[in-house]
Amino acid sequence: MEGKTREEVEKSGMIDTWLMKHRLIYTGATRHPLILSIRDGTVDLSAYKRWLGQDYIFVRAFVPFVASILIKAWKESDDATDMEVILSGMASLNDEIAWFKSEAPKWGVQLTDIVPQKANQDYCRFLESLMSLDVKYTVVITVFWAIEAVYQTSFALCLEDGSKTPAELRETCQRWGNDGFGQYCNSLKKIANRRLEKASDDVLSAVEVALLRVLELEVEFWNMSRGDA
Ligand SMILES: Cc1ncc(CN)c(N)n1
């Protein structure tokens, strides 16, 4: 902790502090019934297909949000390497879009026909609100970490020893559950924690509110796969 003020030490590891404080909703987002059903091999494949189509639309809306973070990093960040981590995230979104396009036909899902459901619209609207220049880099980099980390944690669960994930869904789980994606999420978390250490109390409150909103929206997004939205 050398070189840090007492205040910085108190605020370090802010993300884990929040995850402990809000563990109920965090668990709701990372161990959703859809994920648990993939993991125990009882998944309803029509729920998977609904998720697939909706997530393709979400990922397309996620790209401009990440682009807006890149601009904020360039303008506001005190560390030039942040930009490289964000850029690698954009590259992985490019791969994600290509993956959806090759995965959808295997399941008879026509991506051009997908109508965004309410939870998806709410999520995309939330991302758009965060693209405003008034929203601080510290807020959006933490939100970015949270969105990626929910998928990483969820899908990694389906790859753990003892999981009964169906063979045809293992590639999907690998996409977000692999170690490389885990390391990338850790890099985002480190950036977010570093920024949070220096943040004012007002910014800390804004980040906590945004983090909770992400977790709620992720739960609602998974819920869409039930098809009763
Ligand atoms: C809803 C949601 N959240 C997160 C991710 C991971 N990029 C995603 N594809 N979709």
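Bear in mind that the values here come from a model prediction, so they are computed numbers and not experimental data. (Residues numbered from 1 in each chain as written. Predicted model: local features only at pLDDT ≥ 70, side-chain atom pairs only at ≥ 80, totals over all residues. Heavy atoms only, no water.)

Lay out the UniProt feature "domain: Thiaminase-2/PQQC" (unreviewed entry) in the protein chain with the relevant residues and their values.
Under the local residue numbering, the UniProt record ascribes the feature "domain: Thiaminase-2/PQQC" (unreviewed entry) to residues 21-226. Within the segment residues 21-226, helix and strand shares are 78% and 0% respectively, and the terminal C-alpha atoms sit 28 Å apart. (UniProt positions renumbered as here; feature names shortened; annotations may be inferred. Helix = DSSP H or I, 4+ residues; strand = E, 2+ residues; numbered from the N terminus.)

Summarise the side chain of Glu148; cite the residues concerned and give the values.
Tracing the chain through its elements places Glu148 in helix α8 (residues 137-157). Despite being buried, Glu148 has no salt bridge partner; Arg175 is the closest side chain of opposite charge, sitting 9.5 Å away. Residues in contact with Glu148, not counting those within four places in the same chain, are Phe62, Phe181, Tyr184, Cys185 and Leu188. (Buried < 20%, exposed > 50% of the residue type's maximum accessible area, 1.4 Å probe, protein only. Lys, Arg positive; Asp, Glu negative; His and termini not counted. Salt bridge = Lys/Arg side-chain N within 4 Å of Asp/Glu carboxyl O. Contact = heavy atoms within 4.5 Å.)

Give me the confidence of the model for the protein chain: which residues, what numbers.
When pLDDT is averaged along the protein chain, the result is 95; 94% of the residues meet or exceed 70. Both scores are available for the predicted complex, with the pTM at 0.94 and the ipTM at 0.97. (pLDDT = per-residue confidence, 0-100.)

Describe the pattern of salt bridges, with residues and values.
For the structure on display, the rule yields 11 salt bridges. For Asp78, the salt bridge goes to Arg194, with nearest N and O atoms at 3.1 Å. Remark: Arg194 occurs in helix α10 (residues 179-197) and Asp78 occurs in the loop between α5 (45-76) and α6 (82-106); sequence separation between them is 116 residues. With a shortest N-O distance of 3.7 Å, Asp79 and Arg194 are connected by a salt bridge. One end of the pair, Asp79, is in the loop between α5 and α6; the other, Arg194, is in helix α10, and 115 residues separate them in sequence. In the salt-bridge network here, residues are joined through shared partners; they are Asp78, Asp79, Asp82, Arg194 and Arg195.

An account of the site of the ligand is needed here, citing residue identities and associated values.
The environment of the ligand is made up of Asp55, Phe58, Val59, Phe62, Glu96, Ile147, Glu148, Tyr151, Trp176, Glu218 and Phe221. Between the ligand and the protein, one listed contact pairs a nitrogen atom with a side-chain N or O atom of Asp55 at 2.6 Å. Take Tyr151: an N or O atom from its side chain is 3.2 Å from a nitrogen atom of the ligand. Within the complex, 100% of the 290 Å² of free accessible area of the ligand lies under protein. Under a 2 Å grid-point criterion requiring more than half of the atoms, the pocket assigned to the ligand is the largest cavity. Mapped by element, the contributors of at least two residues to the shell around the ligand are α5, α8 and α11 (201-223). (Near = heavy atom within 4 Å. Polar contact = N/O pair within 3.5 Å; in protein donor to acceptor, adjacent residues only side chain to side chain. Areas by Shrake-Rupley, 256 points an atom, 1.4 Å probe, with all protein chains shown as cover. 1 Å grid on protein atoms, 1.4 Å probe; cavity = no way out; pocket = protein on both sides within 12 Å on 5 of 7 lines; lining within 4 Å. Sits in = over half its atoms within 2 Å of the grid points.)

An account of the packing of aromatic side chains is needed here, citing residue identities and associated values.
Counting across every chain of the model gives 23 aromatic pairs. Centre to centre, the rings of Phe58 and Phe221 are 5.6 Å apart; their planes meet at 65°, and the pair counts as edge-to-face. Highlighted residues: Phe58 in helix α5 and Phe221 in helix α11, separated in sequence by 163 residues. Grouping aromatic residues by their ring pairs yields a cluster made of Tyr48, Trp51, Tyr56, Trp99, Phe100, Trp107, Tyr151, Phe155, Trp176 and Trp222. (Phe/Tyr/Trp six-rings, centres within 6.5 Å; stacked < 30°, edge-to-face > 60°.)

Can you break down empty space enclosed by the protein residue by residue, with the values?
Inspection of every chain in the model, using the stated rule, returns 1 cavity of 30 Å³ or more. What the largest cavity holds in volume is close to 100 Å³. Together, Asp55, Phe58, Val59, Phe62, Glu96, Tyr123, Ile147, Glu148, Tyr151, Trp176, Glu218 and Phe221 line the largest cavity. Only α5, α8 and α11 provide two or more residues apiece to the lining of the largest cavity. Top contributing element to the lining of the largest cavity by residue count: α5, with 4 residues. Of the residues contributing to the lining of the largest cavity, the split by class is 8 nonpolar, no polar and 4 charged. (Points joined across faces, edges and corners; volume = space filled by probe spheres on them. Nonpolar A, V, L, I, M, F, W, Y, C, P; charged D, E, K, R; others polar.)

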